[in-house]
Amino acid sequence: MNIQLPIPILGFAAYSGTGKTTLLEALLPKLTNAGLRIGMLKHAHHNFDVDKEGKDSYRLRKAGASQMLISSRNRYALMTETPESESEFDYLLTRFDTDKLDIILVEGCKNIAFPKIELHREVVGKPWLYPSDNNIIAIAADSNVTDSSLPQMNINDLDAIAQFVIDYAQQNNQPKAQKSEGACCDTLSPAFLSVTQGQEKILSLVAPVQEVEGCSIADTVGRVLANDVSSPVNVPQYTNSAMDGYAIRGEDAELSDFDVVAEVLAGHAYDKPLEKGQAVKIMTGAPTPENADTVIMREQAQQEGDKVTFNASIKVGQNVRQAGEDLAKGSAVFEKGQRFASPEMGMIASLGFGQCEVFRKLKVAIFSTGDEVQAPGSEQQENAIYDSNRFTIMGMLNNLGCEILDFGIIEDNEALMIEALENASQQADVVITSGGVSVGDADYIKLALDKLGQIDFWRINMRPGRPLAFGQINNKPFFGLPGNPVAVMVSFINFVEPALRKMQGEVNWQPLKVNAIATEDLRSRQGRTEFSRGIYELDARGQLTVRTTGKQGSGILRSMSEANCLIEVSPAVDTVKTGESVTIIPLQGRI
C-alpha cells in the first residue's frame, strides 16, 4: 500500500467457494464483543447494486446521479458510480473514518500487497496461496502444512481465529519505531511522485500554443482544430432514396399497381410532383420527387412495361433519408481541440470546406548527452554506445505531428551544454534530452540546467523510467528523460506525450486503457507502478489476452519492438496470477 493508515489492516484471502463471507459473518460478533471497532472492505469481481430496484435512491442513481448519498437517523451510505475504471485499493481505504475504528478487515483483494490470513479448504481443490505471497501472515485451514512456519489455525475454530485478529489489532496499534535513515535506498533517493501525480503536475505547468494557421484539408491529418466548426449545409442536403427501388406516395401504399413515369439516377432529379398512382424508378442517393415519401426496394418489385407491382408490405416513410437527417444546417460538427484523422478529414470535406484553421505545429528540440554516446553510421569506438534514444524520440514526435529540431549529441562539457540548451530553448517550444538525470550521472547537464532555468529532478514510483527531470528553460518546458532505451519510451508515453498533446491544443485526450486476461504470472513490487512490455491478442473465444515479451530489462530495445502494448500493474498490486485481469495500454500509433 502507498498510504499509511493509523490503524492496522488485515485481509482474509481465499479462492471462491472457501466460505469467506460465512466465516466473517460468524467471526464479527466475537470481535465486536471483545470491544473491537471494525471497518469492513469487501471486493466483488462482478457488477453489484447496493440498494433495491424501485427504491428512491436506486431510481435517482439510475437516472444519472454519479454519486448518491442516502441518509437516515440510523446510518448513511454513499454510492459512487465508477464506469471508467475500478477504484484503487488505496483510495478505498481512505474512505474509512479511522478515528472511529480499531482495525479494517478486507474480504478478497488477494493479489494486493497487505497482511492477510489465508483461508483454505481441501474440498475446493485450489492451490495454496502462501508459497507465492509473502504478505500472508497466518493460515486458517482444514488441513496442516509442514513446509511453513506461519501460525496455523483450524478454519472451523472461530475462537482461535478471533483471538489471532484481536492480538494482531492490539500489537499493530502500538507506536512503531522509526526506521534508520540507511534502511533503504529510497531514503537517499526518494521516489516522491506517483505516475499520476507527475502527469498532473506537468500538465498544470504547460499551455497550448496560440498561433493559428490555415491548412488545406488534404494536409490536416494529425493537426488540431483551432476553432469550432458548424455545418454550413444540411447532410444530406436533400431528401433522397436510401436504396435502389421505386419512389411512391405513402398514401397510395394500398394500390395494386403503379404507373412508372420516370427513372431518376444519382445526380439527377424528377422535377414534377408525384401524382396518385404514380411511381418513379430511383437509384440510391437520388433526390425523391415532390410528394414521394416512401421507397420500395427493387428486389420487392415487378415491372412490366410502364406498370410496376410490389410483393411486400409497405411501411410509409421506409427507405428514405430526410434532408438534414444526419446533420442539420448550423449544428455543431467539431469542437476546438479536435485532432484530425481520416474520418474527420472526410467529414469536413463532405461539408464543402477546402481548408480549416489549425494550431501551428509544435517545435521540439532534442539532443542526447554523454561522451559515451556515438552517432550511428560511424565505426564504433571503444567504450562507446550508438545513440538510439534520439531516433526513438524522433519517431514518437513524428507520430504526434511535431516539427523536430535535432541538435545531435552534446558531449559532457558544461559550456557546450549551456550553449545547446540556450539555443534549443530560443528556437523551440519544448526541449527534450536523454541521459544525465539519474542519481550517479555526471553533473554536466544538471549544472547547465541550474544556470539556465528552474528544473526539478524527480523520482517517479515506476519501473522502468524512474528518473525524470522537468522544468522551464527561458519559459520553455524542458524534459530530461532517462538514458535507458526502454525507459525513454515508457517515460515519453507517460509524461511527454500528454504534455505535447495539450500544448498542441488537443482537448480531453486520454490514453486508451483496456483490460486483458494474463496468460502468465506477472510480478511487481508493491508501492510502484510497473510497466511491462506485452503482446495482446484475441483467443479462440474472442477474449483479449496478454503475455510479456520476455525479459524486461530497461535496456532491451528488442522487447519494445516486439510489444504491441504496455502492461500496467498498479502500485497496490504485487502479483497478477495467470487467468486474472490486468490493465494494458495499446501502443499502435504511439511508438
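Once a new chain begins, its residue numbering starts again from 1 and follows that chain's sequence as written. Only residues with pLDDT of at least 70 are given local features in this predicted model, and only at 80 or more are side-chain atom pairs given and counted; all residues enter the totals for whole chains, interfaces and linings. To obtain the side-chain values, all non-hydrogen atoms of the structure were used and water was disregarded.

- For the protein, an unreviewed UniProt entry supplies the name Molybdopterin molybdenumtransferase and the organism Vibrio aquaticus.
- Its UniProt record, at the heading Sequence similarities (unreviewed entry), says of the protein: "Belongs to the MoeA family." UniProt positions are given in the numbering used here, feature names are shortened, and annotations may be inferred rather than shown by experiment.

### Details of the overall build of the protein
No. 1: Secondary structure summary: the protein contains 12 helices and 36 strands in total.
No. 2: Burial classes follow relative accessibility: with a 1.4 Å probe on protein chains only, a residue under 20% of its type's maximum area counts as buried, one over 50% as exposed, and anything between as partly exposed. Within the protein, the fraction of its 591 residues that count as buried is 45%.
No. 3: The contact definition used throughout considers only heavy atoms, calling two residues in contact when any of these lie within 4.5 Å. In the protein, the proportion of contacts linking residues at least 24 apart, taken out of those at least 6 apart, comes to 67%.
No. 4: Shrake-Rupley sampling with a 1.4 Å probe provides the accessible areas, and residues are treated as covered by the protein chains on show and by no other component. In the form shown here, the protein has an accessible surface area of approximately 30900 Å², with 47% of it arising from carbon and sulfur atoms. In DSSP terms, a helix is any run of H or I states spanning at least four residues, a strand is any run of E spanning at least two, and both are numbered starting from the N terminus.

### As for the sheet that holds strand E26 (residues 453-459)
Each strand in a sheet pairs with its neighbour through backbone hydrogen bonds, running either in the same direction (parallel) or in the opposite one (antiparallel).
No. 1: Note on pairing: DSSP must find at least two bridges between two strands before they are called paired. An order of E24-E21-E25-E29-E28-E26 is seen for the six strands of this open sheet, with the pairing classed as mixed. Strands at the two margins of the open sheet, each flanked by one partner only, are strand E24 (403-410) and E26. Neighbour-to-neighbour, the strand axes of the sheet open up by a mean angle of 15 degrees, direction not taken into account.
No. 2: Where strand E25 (residues 430-434) lies against strand E29 (residues 476-481), four bridges are found, and the strand directions are parallel. Within the sheet, the bridge partner assigned to Thr433 lies in E29 and is Gly480.
No. 3: Inter-axis angles, ranging from 0 to 180 degrees, are taken between N-to-C directions of lines fitted to C-alpha atoms, where helices are fitted over the stretch in contact. Taken strand by strand, helix H11 (residues 485-503) contacts strand E21 (363-369), E25, strand E28 (467-473) and E29, and its axis lies near 170 degrees from that of E29.

### A short note on unusual backbone geometry
No. 1: Each neighbour pair has its own omega, and for Val235 with Pro236 the value is -5 degrees, a cis peptide bond.
No. 2: Its location among the elements puts Pro236 in the loop between strand E10 (229-230) and strand E11 (240-241).
No. 3: Residue Pro464 is bonded to the preceding Arg463 through a cis peptide linkage, with omega at -5 degrees.
No. 4: Positive phi values are uncommon outside glycine, yet Asn474 reaches one of about 50 degrees.
No. 5: Along the chain, Asn474 falls in the loop between E28 and E29.
No. 6: Look at Asn474 and you get partly exposed, because its relative accessible area is 35%.
No. 7: With a phi close to 65 degrees, Asn475 is a non-glycine residue in the positive phi region.
No. 8: Mapping Asn475 onto the fold places it in the loop between E28 and E29.

### Observations concerning the environment of Leu28
No. 1: Assignment of secondary structure puts Leu28 in helix H1 (residues 20-33).
No. 2: Considered as a pair, Leu28 and Leu105 are 77 residues apart in the sequence and their alpha carbons are 9.8 Å apart.
No. 3: Not counting residues within four places of it along the chain, the set of residues in contact with Leu28 comprises Ile38 and Leu105.

### Overview of the pattern of salt bridges
No. 1: Salt bridge, as used here: a side-chain nitrogen of Lys or Arg that lies within 4 Å of a carboxyl oxygen of Asp or Glu. This model, assessed by the stated rule, comprises 23 salt bridges.
No. 2: The salt bridge partner of Lys30 is Asp159, with a shortest N-O separation of 2.9 Å. Of this pair, Lys30 sits in helix H1 while Asp159 sits in helix H4 (residues 158-172), placing them 129 residues apart in sequence.
No. 3: Of the charged contacts, one joins Arg249 and Asp252 as a salt bridge, the two residues approaching to 3.0 Å between their closest N and O atoms. Here Arg249 and Asp252 have matching classes, each one buried.
No. 4: The network of salt bridges with common partners includes Arg339, Glu497, Arg501 and Glu506.

### Side note on the pairing of E29
No. 1: Most of E29 is tucked away, with five of its six residues classed as buried.
No. 2: Pairing geometry for E28 and E29, over five bridges, is antiparallel. Each bridged residue has a counterpart across the sheet, and for Gln472 the counterpart in E29 is Pro477.

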